[in-house]
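# Understanding the architecture of this molecule
One letter stands for each residue in the lines below.
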Amino acid sequence: MSEIQPTFSFELFPPKTPEGMEKLKAQVELLNAVGPRYFSCTYGAGGSTRERTFETVAWLRGQGIDTAPHLACVGSSRGEVAEILAHYRDQGIRRVVALRGDLPSGMGAGATGDFRYANELVAFIRAEHGDWFHIEVAAYPEFHPQALNATKDLENFRRKVEAGADAAITQYFYNADAYFAFVDACAGMGLDLPVVPGIMPITNFMQLARFSDGCGTEIPRWMRRRLEAMGDDLESIRAFGHQVVLDLCRRLLAGGAPGLHFYTMNQSGPSLRLWRDLGLPGAVDGL
Ligand SMILES: Cc1cc2nc3c(=O)[nH]c(=O)nc-3n(C[C@H](O)[C@H](O)[C@H](O)COP(=O)(O)OP(=O)(O)OC[C@H]3O[C@@H](n4cnc5c(N)ncnc54)[C@H](O)[C@@H]3O)c2cc1C
């Protein structure tokens with residue numbers, strides 16, 4: 001079973017260019033200075049970022065950083081997934097985030113590969129590697145946009161846990177009640193794994209609105225209206241976003257959340273300002 005200590009972690013995505021990689025290294029140095037439990041690195045479904053994810057993960061490991069690669073199974077064969085897992089195991093990696101993923105548009109039905117849903121990937125990892133990997137799965141307090149209904153989505157979440165997930169990281173949300181209701185529903189199903197809230201700092205309203213429409217996250221009306229009124233005044237958006245997300249994090253931790261997973265978007269500042277103002281351990285200089 002997972003740690004009892006709260007788990008604070010940072011998520012990165014693999015940069016597209018060598019310049020992006022150099023920028024990321026500088027951001028990781030700042031983020032790592034506060035002592036997160038681990039960093040995770042996303043993976044494009046269908047293998048679209050495979051080499052870049054490998055490169056980023058290998059660099060993080062080379063820094064002695066505990067790293068959790070994401071692995072999205074849709075569009076991949078069992079052989080491809082087995083190869084990726086062996087590659088990570090050879091580097092001593094003990095943690096993965098197991099996902100279905102979304103196929104890039106253009107890759108239609110027939111390209112789905114050997115796995116339909118994330119629970120099949122979790123079962124495959126357990127069958128091939130026993131307890132070697134600590135497995136995190138995705139959770140959706142506001143429900144996955146493709147779920148037929150909330151009950152079926154919760155049943156799916158249970159299947160992932162029963163297949164062997166150790167912990168979950170949520171999709172980002174701005175409504176703490178959705179998280180607490182989700183955790184209560186899990187307890188009602190007899191699931192007692194840690195469900196760590198995924199935290200998305202707010203720095204750019206248009207981008208956030210687009211992401212949120214795609215992944216089913218609600219931006220509460222009062223927040224949307226306030227952010228819309230700020231137009232392109234980025235300073236006001238950031239100040240307001242910081243306060244709103246800080247309040248959310250405080251509520252979540254006070255209510256028993258077993259840690260926080262920050263979607264950094266490869267920028268250290270917004271996550272580190274939250275870290276500092278939450279009073280989490282670790283020195284945060286020069287923000
Ligand atoms: C923390 C986190 C990290 C992420 N990282 C990445 C990443 O690195 N790369 C990436 O491509 N994407 C990533 N995503 C996005 C994720 O891949 C998408 O949300 C994707 O649409 C669902 O993935 P899943 O693992 O939750 O899928 P699943 O758990 O398989 O669920 C997908 C949908 O299928 C439904 N479902 C599941 N089982 C069944 C069944 N047996 N019958 C019918 N319906 C079923 C579920 O209710 C849900 O609607 C991440 C999401 C989160 C929350």
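Attention here is on the structure that accompanies the text.

Conventions used here
Residues numbered from 1 in each chain as written. Predicted model: local features only at pLDDT ≥ 70, side-chain atom pairs only at ≥ 80, totals over all residues. Heavy atoms only, no water. Helix = DSSP H or I, 4+ residues; strand = E, 2+ residues; numbered from the N terminus. Rg over C-alpha atoms; globule rule 2.2 N^0.38 Å. Buried < 20%, exposed > 50% of the residue type's maximum accessible area, 1.4 Å probe, protein only. Contact = heavy atoms within 4.5 Å. Lys, Arg positive; Asp, Glu negative; His and termini not counted. Charge placed at Lys NZ, Arg CZ, Asp CG, Glu CD. Core = buried A, V, L, I, M, F, W, Y, C linked by side-chain atoms within 4.5 Å. Pairing = 2+ DSSP bridges. Right-handed = clockwise from strand over helix to strand, strands pointing away. Phe/Tyr/Trp six-rings, centres within 6.5 Å; stacked < 30°, edge-to-face > 60°. Lys NZ or Arg CZ within 6 Å of the ring centre and 35° of its normal.

## Quick word on the overall build of the chain
Counting its regular elements, the chain contains ten helices and nine strands. Over its C-alpha atoms the chain spans a radius of gyration of 18 Å, differing by no more than 12% from the 19 Å that the globule rule assigns to 287 residues. Taking the principal axes of the C-alpha coordinates as reference, the chain spans close to 50 × 45 × 40 Å. Scored against the burial criterion, the 287 residues of the chain give a buried share of 50%. Within the chain, counting contacts between residues at least 6 apart in sequence, those at least 24 apart form 79% of the total. Mean positive and mean negative side-chain charge positions of the chain (28 and 34 charges, respectively) differ by 2 Å.

## Quick word on the nonpolar core
Generally speaking, nonpolar side chains in soluble globular proteins are found buried as a group. Counting 89 residues, the largest nonpolar core has Phe-157, Tyr-174, Ile-199 and Leu-252 as its most contacted members. If you tally residues by element for this core, the top one is helix H9 (residues 234-254), at eight residues. Excluding its chain neighbours within four sequence positions, the residues that come into contact with Tyr-174 are Met-200, Pro-201, Ile-202, Leu-208, Thr-217, Glu-218, Pro-220, Met-223, Val-245 and Leu-248.

## Focus on the pairing of strand S9 (residues 259-263)
Most of S9 sits out of view: five of its five residues are buried. Burial along S9 is two-sided: the residues Gly-259, His-261 and Tyr-263 and Leu-260 and Phe-262 are all buried.

## Regarding the pairing of strand S5 (residues 134-139)
Burial analysis of S5 places six of its six residues in the buried class, the great majority of the element. Along S5, one buried face is formed by His-134, Glu-136 and Ala-138 and the opposite face, lined by Ile-135, Val-137 and Ala-139, is buried too. The pairing of strand S4 (residues 95-99) with S5 spans four bridges and is classified as parallel. From the neighbouring strand, Ala-98 faces S5, where its bridge partner is Val-137. For S5 and strand S6 (residues 167-170), the ladder comprises four bridges, and the chain directions are parallel. Within the sheet, the bridge partner assigned to Ala-139 lies in S6 and is Thr-170. As a crossover connection, the stretch from S5 through helix H5 (residues 150-162) into S6 is right-handed.

## Topic: the packing of aromatic side chains
Two aromatic rings are characterised by how far apart their centres lie and by the angle between their planes. Here the structure, examined in full by the defined rule, presents 13 aromatic pairs. When the ring of Phe-115 is compared with that of Phe-124, the centres are 5.4 Å apart and the planes differ by 75°; the resulting orientation is edge-to-face. For the pair Phe-115 and Phe-124, one class covers both residues: buried. Aromatic side chains Phe-157 and Phe-182 sit 5.2 Å apart centroid to centroid with 65° between the ring planes, which places their arrangement in the edge-to-face category. Here Phe-157 is found in helix H5, whereas its partner Phe-182 is found in helix H6 (residues 176-188), with 25 residues between them in sequence. Relative accessible area serves as the criterion here: at 3%, Phe-157 is assigned to the buried category. An aromatic cluster is present here, built from Phe-8, Phe-10, Phe-39, Phe-262 and Trp-275 joined pairwise through their rings. Geometry around Trp-132 places Arg-94 over its ring, the cationic atom sitting 3.8 Å from the centre. In this structure, Arg-95 is placed above the aromatic ring of Tyr-38, and the distance from its NZ or CZ to the ring centre is 4.1 Å.

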